[in-house]
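A look at the structure
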Amino acid sequence: MQDEKDFIKELLDPKTQNVAFQKLLRDYQKPLYHHIRNIVLNHDDADDVLQNTFVKVFQHLKNFKGESKLFSWMYRIATNESITFINQKAKRNGTTSEVMQTKIVDNLKADVYFDGNEIQIKLQKAVALLPEKQQLVFKMKYYEEIKYEEMSEILGTSVGALKASYHHAVKKIEELVKTN
Amino acid sequence: MKEFKLDNEPKITSGFTTPEGYFDAFSEKMMAKLPKEESKVISIFSNRKRWMFAAAAILVLALSVPIFNKLTTNSSELDQQTLEDYITYNSGISENDLVDLLEKEDIEKMNVDYNIQDKDVEDLLSQNNNIEQYITN
């Protein structure tokens, strides 16, 4: 934790800022990208949201109290940005985010930045049919392999509730894949 | 269809890929963007703050004008007593001059309705010992 405080100080000090920010990007851009991409699904959108996320992180770093870990704080920003993004995009297109996400998943084969076989597409399609919260928990647990304790800090939900959500999600997915 | 158990399957990845060299390019893009973003944000914010202070100051000044006016006029206004004393003792203004200054409406307002009943007059007269003298005169 002390290391993290020093790191935040370096990020805020104009003299060490550049080096520190480079390290921040190196450590977090890939996991955050995949977290965002799993929610927004499309590469270009993920790229936009990832940029916004880092801009927000940088802007609000001075207000970061260190109550949670930098890791979970950044994930929380990324999650909020992603969800806001898909809701706004759906609104612009005059539809709901559920309908929009299903459409994107249905066209995954045509996405140049998707390289998956039948079972991967089936799984994506099944996940897209889950309620928003279950989708999020499933993606974070299964695809990103984030621990429940960390997920709890990111999403502000108890570990027990997260486990239950994941369990429900897996049951539904297995059902959906089987019947499809 | 055969039973599908997520745990029995080999790990299924999301299948999402990125363009080649994307993360290196992203780092560069962000590094070029962030310091600018930061200073821009600060300047906009502090400018906005300054403008808000200016606007607030102007608003306070504007709102205080009527109050200020009221205070100053109040203090220079003569009180009723002083005015009456002046008119009574120091001026050559006659009653007629004053009446000329009054509007018809004002005069009507000054009319006092004594509401004298005939009976009251009779009572008063009957108590007066000199009444016969008045009548004969």
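Since this is a predicted model, take the numbers as computed values, not measurements. (Residues numbered from 1 in each chain as written. Chains lettered and ligands numbered in written order. Predicted model: local features only at pLDDT ≥ 70, side-chain atom pairs only at ≥ 80, totals over all residues. Heavy atoms only, no water.)

1. Regarding the overall build of chain A
Short version of the rule: Put simply, DSSP marks the helices as runs of H or I at least four residues long and the strands as runs of E at least two long, and each gets a number from the N terminus on. Think of it in three bands: with a 1.4 Å probe and only protein chains considered, a residue is buried below 20% of the maximum accessible area for its type, exposed above 50%, and partly exposed in between. Note on contacts: a residue pair is in contact if any heavy atoms of the two residues lie within 4.5 Å. All accessible-area figures derive from a Shrake-Rupley calculation using a 1.4 Å probe, and residue coverage is judged against the displayed protein chains alone.
A tally of regular secondary structure across chain A gives 9 helices and 0 strands. Listing the helices and strands of chain A from first to last along the sequence gives α-α-α-α-α-α-α-α-α. Buried residues in chain A amount to 51% of all 180 residues. For chain A, the proportion of contacts with a sequence separation of at least 24, taken over those separated by at least 6, is 57%. When the accessible area of chain A is evaluated, it comes to approximately 9,100 Å², of which 50% is carbon and sulfur surface.

2. Side note on the overall build of chain B
A tally of helices and strands in chain B yields 6 helices and 0 strands. Counting from the amino terminus, chain B carries its helices and strands in the arrangement α-α-α-α-α-α. Of the roughly 12,300 Å² of accessible surface on chain B, a fraction of 57% belongs to carbon and sulfur atoms.

3. Some points on the nonpolar core
A general feature of soluble globular proteins is that nonpolar side chains tend to end up buried together. Rules: We define the nonpolar core as a collection of buried residues of types Ala, Val, Leu, Ile, Met, Phe, Trp, Tyr and Cys that are connected through side-chain atoms lying within 4.5 Å of one another.
By size, the foremost hydrophobic cluster in this structure holds 63 residues, and its most contacted members are L24(A), F54(A), L70(A), M74(A), L123(A) and F138(A). By residue number, the principal contributor to this core is helix α4 (residues 70–92) of chain A, which donates 11 residues. Non-local contacts of L123(A), meaning those with residues more than four positions away in its chain, are made with F138(A), Y142(A), Y143(A), I173(A), L6(B) and I12(B). Residues L41(A), I121(A), A128(A) and F16(B) belong to the second largest nonpolar core, which totals 8 residues.

4. Remarks on the packing of helix α6 (residues 118–128) of chain A against helix α7 (residues 132–143) of chain A
Packed helices, taken two at a time, are described by their axes: the angle between them and the distance between them. All names here are of chain A. Just so we agree on the cut-off: Each axis is a line fitted through C-alpha atoms, taken for helices only over the stretch in contact, and angles between the N-to-C directions span 0 to 180 degrees. Residue polarity follows a fixed list, in which Ala, Val, Leu, Ile, Met, Phe, Trp, Tyr, Cys and Pro are nonpolar, Asp, Glu, Lys and Arg are charged, and the others, Gly among them, are polar.
Taken N-terminus to C-terminus, the directions of α6 and α7 make an angle of 145 degrees; their axes are 10 Å apart at the nearest point. Contact with α6, carried on its side by L123, Q124, V127 and A128, involves Q135, F138, K139, Y142 and Y143 of α7 and no other residues of that element. Considering only residue class, the contact of α6 with α7 consists of 6 nonpolar, 2 polar and 1 charged.

5. Considering the interface of chain B and chain A
In plain terms, the rule: Buried area: the sum, over both parts, of the accessible surface (1.4 Å probe) that disappears when the two are put together. When a carboxyl oxygen of Asp or Glu is within 4 Å of a side-chain nitrogen of Lys or Arg, the pair counts as a salt bridge. We call two N or O atoms a polar contact when they sit within 3.5 Å, provided that within protein one can donate a hydrogen and the other can accept it, with sequence-adjacent residues counted only if both atoms are side-chain atoms.
Each side of the interface is counted separately: chain B has 30 residues, and chain A has 41 residues. With both sides pooled, the region where chain B packs onto chain A buries about 3,400 Å², and carbon together with sulfur makes up 65% of that total. Inspection of the region where chain B meets chain A yields 3 salt bridges. The closest approach of N and O atoms between E174(A) and K5(B), which form a salt bridge, is 3.2 Å. Between chain B and chain A we count 15 residue pairs in polar contact (both at pLDDT 80 or more) in total. In terms of residue class, the side of chain B that touches chain A is built from 15 nonpolar, 6 polar and 9 charged.

6. Section: the packing of helix α3 (residues 43–60) of chain A against α4(A)
Residue and element names in this part refer to chain A. Our working rule: Comment on the angle field: the value is read as roughly parallel under 35 degrees, roughly antiparallel over 145, roughly perpendicular from 65 to 115, and oblique elsewhere. Helix crossings fall into two classes, left-handed where the near helix is turned counterclockwise from the far one by less than a right angle and right-handed where it is turned clockwise.
Viewed as axis vectors pointing N to C, α3 and α4 meet at an angle of 135 degrees, and their least axial separation amounts to 9 Å. Judged by the angle between their axes, α3 and α4 are oblique. α3 and α4 meet at a crossing whose hand is right-handed. Where α3 approaches α4, its residues D45, V49, N52, T53, F54, K56, V57 and H60 are matched on the opposing element by W73, M74, I77, A78, E81, S82, F85 and K89.

7. A closer look at the confidence of the model for chain B
All names here are of chain B. This is how it is decided: Residue-level confidence of the predictor is what pLDDT reports, using numbers from 0 through 100.
On average, residues of chain B carry a pLDDT of 77, and 81% of them reach 70 or more. In the model of chain B, helix α6 (residues 131–136) stands out as the element of lowest mean pLDDT, 70, in contrast to helix α5 (residues 118–127), which has the highest, 80. We note a pTM of 0.66 for the whole complex and an ipTM of 0.86 for its interfaces.

8. Concerning the packing of aromatic side chains
Rule in force here: Geometry of aromatic contacts follows a simple scheme: Phe, Tyr and Trp rings, the Trp one being its six-membered ring, pair when their centres are within 6.5 Å, and the pair is stacked under 30 degrees between planes, edge-to-face over 60, tilted otherwise. We count a charge as sitting over a ring when the NZ of a lysine or the CZ of an arginine lies within 6 Å of the ring centre and within 35 degrees of the ring normal.
The full count for this structure, using the stated rule, is 15 aromatic pairs over all chains. Centre to centre, the rings of F71(A) and Y75(A) are 4.7 Å apart; their planes meet at 45 degrees, and the pair counts as tilted. Of the two residues, F71(A) and Y75(A) are both situated in helix α4; the distance of 4 residues between them amounts to about one turn of the helix. Neither F71(A) nor Y75(A) differs from the other in exposure class; each is buried. Relative to Y142(A), the ring of F138(A) lies with its centre 5.2 Å away and its plane at 15 degrees, an arrangement referred to as stacked. Here F138(A) pairs with Y142(A), and both are found in helix α7, just 4 residues apart, close to one helical turn. For F138(A), a relative accessible area of 0% corresponds to the buried category. One Lys or Arg, K11(B), reaches over the ring of Y142(A) and ends 4.0 Å from the middle of that ring.

9. Observations regarding helix α9 (residues 159–179) of chain A
Residues and elements named next belong to chain A. Rule in force here: By definition here, a helix of n residues has an expected span of 1.5 Å times n minus one. Here the arc refers to the set of directions running from the helix axis out to each C-beta atom.
With 21 residues, α9 should reach 30 Å at 1.5 Å per residue; the first-to-last C-alpha distance of 30 Å fits that figure. Turning to α9, its buried residues are L162, S165, Y166, A169, V170, I173, E174 and V177. For α9, the angular spread of buried residues about the axis comes to 165 degrees, placing them on one side. Where the residues of α9 are buried, they touch α6, α7 and α8 (148–155).

10. A word on the side chain of S82(A)
Residues and elements named next belong to chain A. Among the secondary structure elements, S82 is positioned in helix α4. A residue is classified by how much of its surface remains accessible, and S82, at 0% relative accessible area, is buried. Those residues in contact with S82 that lie beyond four places of it in its chain are I36, I39, V40 and V49.

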